[in-house]
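Observations on the model geometry
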Amino acid sequence: MIRAANESDFDRILDMAEMFWKETCYSEPFSRAATLPYIQLSFNCGLLAVAEIAGEVKGFCAAICTPMMGSGVMIGTELAWWIDEDARGGRAGINLLKQMEVMAKESGVKYWNMIAMRSSMFDSVCSMYKKLGYTENELTFTKVL
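Presented here is an overview of the structure given in this document. (Residues numbered from 1 in each chain as written. Predicted model: local features only at pLDDT ≥ 70, side-chain atom pairs only at ≥ 80, totals over all residues. Heavy atoms only, no water.)

1. What to know about the pairing of strand E2 (residues 48-53)
The buried fraction of E2 is high, at five of six residues. Here three bridges tie strand E1 (residues 2-4) to E2, and the two strands are oriented antiparallel to one another. Looking at E2, one finds that alanine 4 is bridged to alanine 49. As judged from the six bridges shared by E2 and strand E3 (residues 56-67), these two strands associate in the antiparallel manner. Paired with glutamate 52 across the strands is valine 57, a residue of E3. Where E2 folds back on E3, the antiparallel hairpin that results is connected by two residues, among which alanine 54 adopts a positive phi of roughly 50°. (Buried < 20%, exposed > 50% of the residue type's maximum accessible area, 1.4 Å probe, protein only. Helix = DSSP H or I, 4+ residues; strand = E, 2+ residues; numbered from the N terminus. Pairing = 2+ DSSP bridges.)

2. Regarding helix H3 (residues 92-106)
With 15 residues, H3 should reach 21 Å at 1.5 Å per residue; the first-to-last C-alpha distance of 21 Å fits that figure. Of the residues flanking the end of H3, it is glycine 108, one or two places downstream, whose phi is positive at about 90°. (Expected span 1.5 Å × (residues − 1).)

3. A short note on helix H1 (residues 10-21)
In this model H1 runs 16 Å from its N-terminal to its C-terminal C-alpha over 12 residues, within 8% of the 16 Å that 1.5 Å per residue would give. Residues Phe10, Ile13, Leu14, Met16, Ala17 and Phe20 constitute the buried set of H1. With its buried residues spanning 165° around the axis, H1 presents them on a single face. In this structure, the buried residues of H1 make contact with helix H2 (32-45), E2, E3 and strand E4 (74-83). (Arc of directions from axis to C-beta. Contact = heavy atoms within 4.5 Å.)

4. Description of the packing of H1 against H2
Where H1 contacts H2, the two axes come as close as 10 Å, and the packing angle between them is 120°. Comparing their axes, H2 and H1 come out oblique. Between H1 and H2 lies a crossing of right-handed hand. The segment H1 lies against H2, with Phe10, Asp11, Ile13, Leu14, Asp15 and Ala17 engaging Arg32, Thr35, Leu36, Ile39, Gln40 and Phe43. Of the residues that constitute the contact of H1 with H2, the class distribution is seven nonpolar, two polar and three charged. (Axes fitted to C-alpha atoms, helices over the stretch in contact; angles between N-to-C directions. Parallel < 35°, antiparallel > 145°, perpendicular 65-115°, else oblique. Left-handed = near helix turned anticlockwise from the far one by under 90°. Nonpolar A, V, L, I, M, F, W, Y, C, P; charged D, E, K, R; others polar.)

5. Description of the packing of aromatic side chains
Aromatic ring pairs are reported here in terms of the distance separating the ring centres and the angle at which the planes meet. Counted under the stated rule, the structure contains two aromatic pairs. Ring centres of phenylalanine 10 and phenylalanine 43 lie 5.5 Å apart, and the angle between their planes is 85°; on these two criteria the pair is classed as edge-to-face. Placement of the pair is phenylalanine 10 in helix H1 and phenylalanine 43 in helix H2, with a sequence separation of 33 residues. A centroid spacing of 5.7 Å and a plane angle of 25° characterise the contact between tryptophan 21 and tyrosine 26, whose relative ring orientation is stacked. Above the ring of tryptophan 82, the side-chain terminus of arginine 88 is found at 4.6 Å from the ring centroid. (Phe/Tyr/Trp six-rings, centres within 6.5 Å; stacked < 30°, edge-to-face > 60°. Lys NZ or Arg CZ within 6 Å of the ring centre and 35° of its normal.)

6. Focus on the nonpolar core
Membership of the largest hydrophobic core comes to 23 residues, with the highest contact counts inside it found for Leu47, Trp81, Leu97, Met100, Trp112, Met114 and Tyr129. Elements supplying a minimum of two residues to this core: E2, E3, E4, H3 and helix H4 (122-131). A total of seven residues in this core trace back to one element, the largest contributor, which is H3. The contacts of tryptophan 112, once residues within four sequence positions are left out, are Leu47, Ala63, Gly76, Thr77, Leu97, Met100, Glu101, Ala104 and Tyr134. (Core = buried A, V, L, I, M, F, W, Y, C linked by side-chain atoms within 4.5 Å.)

Here you go:
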């Protein structure tokens, strides 16, 4: 079951966010305190959803939306999308993404952005995005200062 998250899900989402963090390329230690405001922001934007399997939250997607610079049209961007390893291979991840698209549209978002990290299943994620109608639009480069 895919549903909008509620505040009682925040602790479990933070647990999964820590697992997600380990898949990134960043060396800083994970901080629940630094992550919670982003979970709250996603919740306030109406863009925080969870995947529940057999009564247990096994995945989440958090996103934000804002007016787009240059036009004022609403744009939404995924911050984190995670499915526990033991729940992968089914439809939970795709269903979670599709629910986020619905929630984004209901929040007035016209352009929806999903991110693919080179450090985490990059090829399969990109392939899935393309199958779902996404087109590659931007490429991000990171430099440690």
